[in-house]
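In case you want the letters, here they are:
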Amino acid sequence: MTDSVERGGRHGEMAFQPPRYETLEAWERRAAWLREHLLAVQGLWPLPDREPVRATFTGRLEGDGYTVENVYLESWPGFYCTGNLYRPGRGAGPFPGVLHPHGHWSRGRLEDQPLGSIRARCIAMARLGMVSFAYDMVGYNDSLQVPHHRFASFRGALWGISPMALQTWNSIRAVDFLQSLPDVDPQRIGCTGASGGGTQTFLLAAVDERVRVAAPVNMISAHFQGGCVCENLPGLRIDTSNVEIGALMAPRPLLLVSATGDWTTNTPTVEYPAIRAIYDLYGAGDRVAWAQVDAPHNYNAASRAHVYRWFCRWLLGDESPADASSTRGAERPFAAHGDEELRVFPTGQLPAGAATGADLVALLERAARHRLLRMVPTGADELAGLRLVARRRLEHVLGTRAVDPKEVSAEAGEEARSDGWSRLLLTIARAGDGQGVPGTLYTPVEAGGRGALLLHGAGRQGLDDAYGDPGGLVAGLLAAGYSVLGVDVLGVGAARPASPRRDDDWFWATFNPSLLGERVRDVLTAVAYLRGVAPGGVAVVGLSGAGPWALLATAVDDGIAAVCADVGAMRFDVDDAFLGEGFAPALRAYGDLQVTPALVAPRPLLLANTARRFPCTWGEAAYRLLGARDAMLERANPLDDDEILAWLRAAMERDG
């Protein structure tokens, strides 16, 4: 786990505490969650359906002891992964297959210079008896469908469209491609790359266990997490770092290659021991190793030599072919083919149907919408699957979960009494939190055991009358015997972040939960506290901008008895409401607020102020399948206090 840091205080160049796990069970529980998380924030969990690989070869060249072919495959419909396939010049196979993501070299997969040569390592591995596929990072070489590599937008991230997501998907499809080749052994797949290619290597190995051997070079560090948007993504490292992500390779063979002249200088003493400790939990300490080269940031000949030996050991069962004295396989000179000879699209002409730029984004967004619509349930089994997947997706992209009352505590402040009720100011916090949630608890003289959490876009002050006394809704609930809690969620009223937030910064958002996620977390914390005060059941009411927080919290926490959410006449045909304070990664790809009624069902739900814009497809299907269609109500206009009180009375009586 990473260091405990107050909300808003994590960043990519801080020194992260390497993970420590005492038991294999604890690690595997964490690893399962983390694998889901890495895919979820990229819009890829569960993994989308994959069509059989359709690969097109556009050229073939002969080399000394190898062949190289230019190839592209359709990773998404209309989107292509491009690269060069290097094959051994002799033998029929099946051979091991190795992926070679290239990193941020100026010439991409065509780079061939002393500090790093993708060609040299692919040729050497082909000569050693391994099929090698060097494929483009998006925006490099023949990956011409995006205008440049460093594109990234929060709008795209809402739909799971980002450089990281495209590259991770290309890597997964590249494994599919290698496994589809008749001369490749599908059980012997490896991956290696340096720098940004190292990030791609350990991310792929983390989420795809078909990668049996890996060697991320000059990348896994406890104090630097990657400097490009393709290595960072909102929500990715909320509670983790590259050291822990790299450890997800365990117990498969992993080689950490580092350099004295970059951020991997501490690998022998910091990162390797931490990862080795996890391998030791499996009794597999011999399957992880380190090597360090005295050089600046690189994937030079010395670094490559270590990788050749590692891959020969674990993929060929014999290190000797990689020995420098061997005439068979050690890296030796080769006649370089020209860049244009190795290009897949040398003229820049893309295949028919290939979308570019904004058209590509629109194509990928339509595909995400299609995948989402396929999840609308028509039967009980489909509904159960939707509810399981959708809730876990929300927990990952919001960076929070429901908690038990035993996990929260409250620090009491000023107390006041009046006829019929008492008021207590308090601060509610989860164990280990650096900052609590300011709240006001109203308790009637004759409490009936039920509670209502009231949320307002202006915070607690929006619930009071002009004199600071309980407003009409609070007063009505107190008269009905409810304990009433009002809170200021993060950034509202008295709740201020411990340090300045930079929610519009892509890199900052990689390490810190979104403001929306933090607010939902505060709601869940308040619910847990109120549940301890009001064991008869807790309802949540979200007003004046707080409706989305109430809906999302109720979708995540099935212990909430009922929810009323004023959604402020939100529009769902555009993304605007889900940017800024409404942002969470992949939220729209996963159904945003539209899917929440399916998770709330069959509990009483009142959607207010919808202007008939709220898409009720998922909710209506879920409530119908659960035999509770009348428990979901929609009102086009805002509700007054009396209407909310009448609905809440009926809802809580229905709940029992």
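Residues numbered from 1 in each chain as written. Predicted model: local features only at pLDDT ≥ 70, side-chain atom pairs only at ≥ 80, totals over all residues. Heavy atoms only, no water.

(A) View of a negative patch on the surface. A contiguous patch of negative charge on the surface is contributed by Asp640, Asp641, Asp642 and Glu643. Mapped onto the elements of the fold, Asp640 is located in the loop between strand E20 (632-634) and helix H18 (641-655). (Patch = residues over 30% accessible without salt bridge, like charges linked within 9 Å, V, L, I, M, F, W, Y side chains within 5 Å. Areas by Shrake-Rupley, 256 points an atom, 1.4 Å probe, with all protein chains shown as cover. Salt bridge = Lys/Arg side-chain N within 4 Å of Asp/Glu carboxyl O. Lys, Arg positive; Asp, Glu negative; His and termini not counted. Charge placed at Lys NZ, Arg CZ, Asp CG, Glu CD. Helix = DSSP H or I, 4+ residues; strand = E, 2+ residues; numbered from the N terminus.)

(B) Local environment of the nonpolar core. With 150 residues, the main nonpolar core has Leu99, Phe133, Leu178, Ile275, Leu453 and Leu485 as its most contacted residues. The element that contributes the greatest number of residues to this core is helix H14 (residues 515-533), accounting for 9 residues. When residues no more than four places from it in sequence are discounted, the contact partners of Leu99 are Phe133, Tyr135, Ser171, Ala174, Val175, Leu178, Gly190, Cys191, Thr192 and Leu204. Judged by nonpolar contacts, the second largest core, of 32 residues, contains Val217, Leu255, Cys312 and Leu315. (Core = buried A, V, L, I, M, F, W, Y, C linked by side-chain atoms within 4.5 Å. Buried < 20%, exposed > 50% of the residue type's maximum accessible area, 1.4 Å probe, protein only. Contact = heavy atoms within 4.5 Å.)

(C) The arrangement of the sheet that holds strand E9 (residues 211-217) in detail. With mixed pairing, the 9 strands of this open sheet are ordered in space as E1-E2-E3-E7-E4-E8-E9-E10-E11. On the outer flanks of this sheet lie strand E1 (55-63) and strand E11 (288-296), each paired with one strand and no other. Between one strand axis and the next, the sheet turns through 20° on average, direction left out of account. In this structure, strand E2 (residues 66-76) lies alongside strand E3 (residues 79-88), joined through 10 bridges in antiparallel fashion. Pairing of Thr67 across the sheet is with Arg87, part of E3. The sheet contacts of helix H7 (residues 271-281) involve strand E10 (254-261) and E11, and relative to E11 the element is tilted by about 165°. Against the sheet, helix H8 (residues 301-316) contacts strand E4 (95-101), strand E8 (184-194), E9, E10 and E11, and its axis sits at roughly 170° relative to E9. (Pairing = 2+ DSSP bridges. Axes fitted to C-alpha atoms, helices over the stretch in contact; angles between N-to-C directions.)

(D) How the structure looks around empty space enclosed by the protein. What the rule picks out here adds up to 4 cavities of 30 Å³ or more. Estimates place the volume of the largest cavity at around 110 Å³. Along the walls of the largest cavity sit Gly43, Leu44, Trp76, Trp159, Gly160, Ile161, Ala165, Leu166, Leu364, Ala367 and Arg371, which together make up its complete lining. Sorting the residues of the lining of the largest cavity by element identifies helix H4 (163-180) and helix H10 (357-373) as the ones contributing at least two each. Here the element with the most residues in the lining of the largest cavity is H10; it accounts for 3 residues. Taken together, the residues of the lining of the largest cavity sort by class into 8 nonpolar, 2 polar and 1 charged. By volume, the second largest cavity is sized at about 70 Å³. Elements supplying a minimum of two residues to the lining of the second largest cavity: H4 and helix H5 (196-207). (1 Å grid on protein atoms, 1.4 Å probe; cavity = no way out; pocket = protein on both sides within 12 Å on 5 of 7 lines; lining within 4 Å. Points joined across faces, edges and corners; volume = space filled by probe spheres on them. Nonpolar A, V, L, I, M, F, W, Y, C, P; charged D, E, K, R; others polar.)

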